[in-house]
Amino acid sequence: MVTLLALALLQQARPPELTVSLDRDRVAVGEEIRLTIRARSPSDSPMEIRLGSLDGFVIIGRTEATSVTRDPDVSRLKTIDIQLRAARAGKWRLGPFQARQDDEIAQVDALPVDVTETGSAAVAATLNPRIKALLERARPPNRPGEVGLSILLSNESVMVGEQVDLVTAAWFPRDLRLQLRRAPTLVPPTVQGMWSYPQPVPVGIAASRRIGGVWYDLFVAHQIVFPVREGPLLVAPAQMQYSVPLALQFFSQEERYSLTSDSAVVVARPVPATGRPAGYGGAVGTDLTLERVITPPAARAREPVRVEFIVRGRGNVTLWPPPAVSWPPTARAYAEVVEERPETRDGRVVGSKAFRYSLVADSVGTVALPAVSYPYYDLGTRTFRIARVEPAALPVAAGNPAATAGALPPALLVARGMPLSRQLARRLGPAGWLVLLFLPPLAWAGWRAIRRRRPKVVARPPARDLRSAERDLERLLEALDPDAIRVAESGLIPGLRAAGLDLGTATRMVALRRRLRDLRYAPGVEADAAPALEEWEELRDAIASGSHRRRGTKHGLVAGLSLLVLSASTAAAQRSAEDFYRQGMVQAAASAFAIRAEAQPEVAAHWYNLGAAQFRLGMAGDAAAAWQRALRLEPRNATVRRALAMTPPPDPVSASRLWIPPVAPDELALLAAALWLGAWIGLVTRPRRLRAWMWLGALALVIGGSAWWLEVRFTTPVAVVRTTAQFRVSPHERGSIVTELREGQALLPVRTLHGWLMARDPGDRLGWIRGDAVTIVAR
């Protein structure tokens, strides 16, 4: 006992553990740091933390938290977080700090912090040289102590296509800036007749300057512009908003200010007309080069190869026009995507622009690719120059069907007619579906009204005697088997089975018939008749409900299968396209399948076969779109689903947009209609089972709602990206690129304009893509 008491006293006598940390030990005036003080103690008695000197800093925020636990090692934990803002330059020491608990004291010595006069050096180091040169010419406000906003231009007179740096500079007196709780908001100017590349600028102070005894800090916004037409081009005024607290308290109200700069004008001169080479398309840049890349270097007949013309250099990459290419008559070229890769290097816009084509040779031999010239105006030499690629020869070997196919899709499908469910759904039409929905309840209501008008007849309860039960059973047996009276009991069961009853029910009926006869004609057994009568009523209700009817093939299903067989088209009319496909003439087969799909868009086999041919041609995006059309027409077709597994969507959002359940809306609609009619018919014929018919009607409504949802999903268009393409902010080739879309991604179309499609990408961003770069999929 004495030992335990001594240990407890020693545990309580342990001093608290104190730790103090700073997130940074070197800051500039106006910047913020975080001071964290944490004290831990095995004792649960109150603890006091004392702060030392915080000279050179202003407290702008403080949080304090204390927790008490049952842990014997750490019974009390206290944490203080202090947000400090540097107010004066110098070498300061924060602290010391103490934690006092009872008579025990823990102390941490002061922490050194170096506060510099300005933090612009670190920020300005990341600025490009052209911005630094512009900031040297930036003028502070005319009156000391005021906020200033101005526009800086690297050059006010340039040539069309020449780069101009546009900088928005905001000057703040340091005393005023230290009062701000958040950085000012700069709205760069809008430009007319110029192509703009917004540039990233480091967050913070870009420069500082001491003028007339007042320190000014500079915030900037930078954009690179290229004139696209000649003449004076207006640069609209820039705007800035900032808020100043009305009092020193942290939660005090703020007064908002707005400042507008002056406008500016850039004079753009046209490209000289003298000395222009033939075929000049308006390209302007510096040190442009042209390269031709063929992938693969050898081709096969009727198989596409990729030919890229890549323009590299310095200038406005987006506005470089495509080269003028003369293709040989023995091959066919198809323009594909244009890929741009602009970047900023040493303050200049540089990059590459690739123009991609698919080249298909018609026959075996050699395709002679002529030389290609790319004239441009060089801004470095102020002369016209020509970038060239020399002629090349492309060897073409015989087409190999196995090599062409690669990973072959499943076998082609035989075209069949429209499914029976869709035929029935279309024959009904909107009016027919409305009649199915509202006619049964209206007819039931009218029937009930007529019944109420008739004189009420008091229904006599069913007789619960052996004679009535036996008579009713005999009538039921005669209805099921007309020879029931003449046939012996051993031969009665096959007749009942032929009428549709299962073996158990037929056996029970024969046994009950024998039992009723024995009870009726046996003397003194009237008191034992109740169980037999109850069994008869139970058996009668079960037979009436149809729950004991033997399962068999329905005539409607046989008729439906017959209609499907009769509606299938003959294979003789399709031999030409299939023969092209099997003989390796995949391009011809694809054209034939496309004609069929356009003529009969309701036939799933045409779309599947078209996708198979396109897949063998290397057009995976087109194949995925065609197979999606086929899946919407036949959602349970295993061949189509196996083919789609070869072209999976590249992201989860696209997979969700292209997901199709294995059931068609027409099938669900017909099932819902059958259940709906069955519920109302049952309500008329068997009104006592009201609850069962209500559940059946509710199930019909749920299935009908699911069919409507599926119909909306099947008919909602989805745009599948055929090949890699740029997603732009505006509908033209000069629009800024939002992102690069991958082959097979699913977009949600919004509207079309002049060959461009506005859509939402998988990231739910709104943009434009060329209409020929996507395929619209809808039922």
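Residues numbered from 1 in each chain as written. Predicted model: local features only at pLDDT ≥ 70, side-chain atom pairs only at ≥ 80, totals over all residues. Heavy atoms only, no water.

## Brief notes about the overall build of the protein chain
At step 1: When helices and strands are tallied, the protein chain shows 19 helices and 37 strands.
At step 2: Looking at the 779 residues of the protein chain, the share that counts as buried comes to 43%.
At step 3: Look at the contacts in the protein chain between residues 6 or more apart in sequence, and 69% of them connect residues 24 or more apart.
At step 4: Accessible area for the protein chain stands at about 41700 Å²; split by element, carbon and sulfur atoms hold 57% of it. (Helix = DSSP H or I, 4+ residues; strand = E, 2+ residues; numbered from the N terminus. Buried < 20%, exposed > 50% of the residue type's maximum accessible area, 1.4 Å probe, protein only. Contact = heavy atoms within 4.5 Å. Areas by Shrake-Rupley, 256 points an atom, 1.4 Å probe, with all protein chains shown as cover.)

## Digging into the sheet that holds strand β6 (residues 76–86)
At step 1: Strand order in the open sheet formed by 4 strands is β1-β3-β6-β5, and the pairing between neighbours is antiparallel. The two strands at the open ends of the sheet, each matched to only one other strand, are β1 (17–22) and β5 (57–68). Ignoring which end each strand starts from, the neighbouring axes of this sheet average 10 degrees apart.
At step 2: Pairing of strand β3 (residues 32–41) with β6, which is carried by 10 bridges, proceeds in the antiparallel orientation. (Pairing = 2+ DSSP bridges. Axes fitted to C-alpha atoms, helices over the stretch in contact; angles between N-to-C directions.)

## Here's the deal with the packing of aromatic side chains
Aromatic ring pairs are defined here through the distance separating the ring centres and the angle between the ring planes.
At step 1: Counted according to the given criterion, the structure contains 12 aromatic pairs.
At step 2: A centroid spacing of 5.9 Å and a plane angle of 90 degrees characterise the contact between F172 and F219, whose relative ring orientation is edge-to-face. You can see F172 sitting in strand β13 (residues 164–173) and its partner F219 sitting in strand β17 (residues 214–227), a full 47 residues away along the chain.
At step 3: Residue classification places F172 among the buried positions, given a relative accessible area of 0%.
At step 4: Overall, F219 belongs to the buried group, its relative accessible area being 12%.
At step 5: Centroid distance F172 to Y242: 5.0 Å. Interplanar angle 80 degrees. Geometry classified as edge-to-face. Here F172 is found in strand β13, whereas its partner Y242 is found in strand β19 (residues 239–245), with 70 residues between them in sequence. (Phe/Tyr/Trp six-rings, centres within 6.5 Å; stacked < 30°, edge-to-face > 60°.)

## Considerations on helix α18 (residues 665–685)
At step 1: Here α18 is 21 residues long and its end C-alpha atoms lie 30 Å apart, about the 30 Å a rise of 1.5 Å per residue gives.
At step 2: Taken together, the buried positions of α18 are P665, D666, L668, A669, A672, A673, L675, W676, A679, W680, G682 and L683. (Expected span 1.5 Å × (residues − 1).)

## Side note on a positive patch on the surface
At step 1: A cluster of basic residues, R540, R686, R688 and R689, forms a positive patch at the surface.
At step 2: Note that R686 resides in the loop between α18 and α19 (690–715).
At step 3: The class of R686 is partly exposed, set by a relative accessible area of 32%. (Patch = residues over 30% accessible without salt bridge, like charges linked within 9 Å, V, L, I, M, F, W, Y side chains within 5 Å. Salt bridge = Lys/Arg side-chain N within 4 Å of Asp/Glu carboxyl O. Lys, Arg positive; Asp, Glu negative; His and termini not counted. Charge placed at Lys NZ, Arg CZ, Asp CG, Glu CD.)

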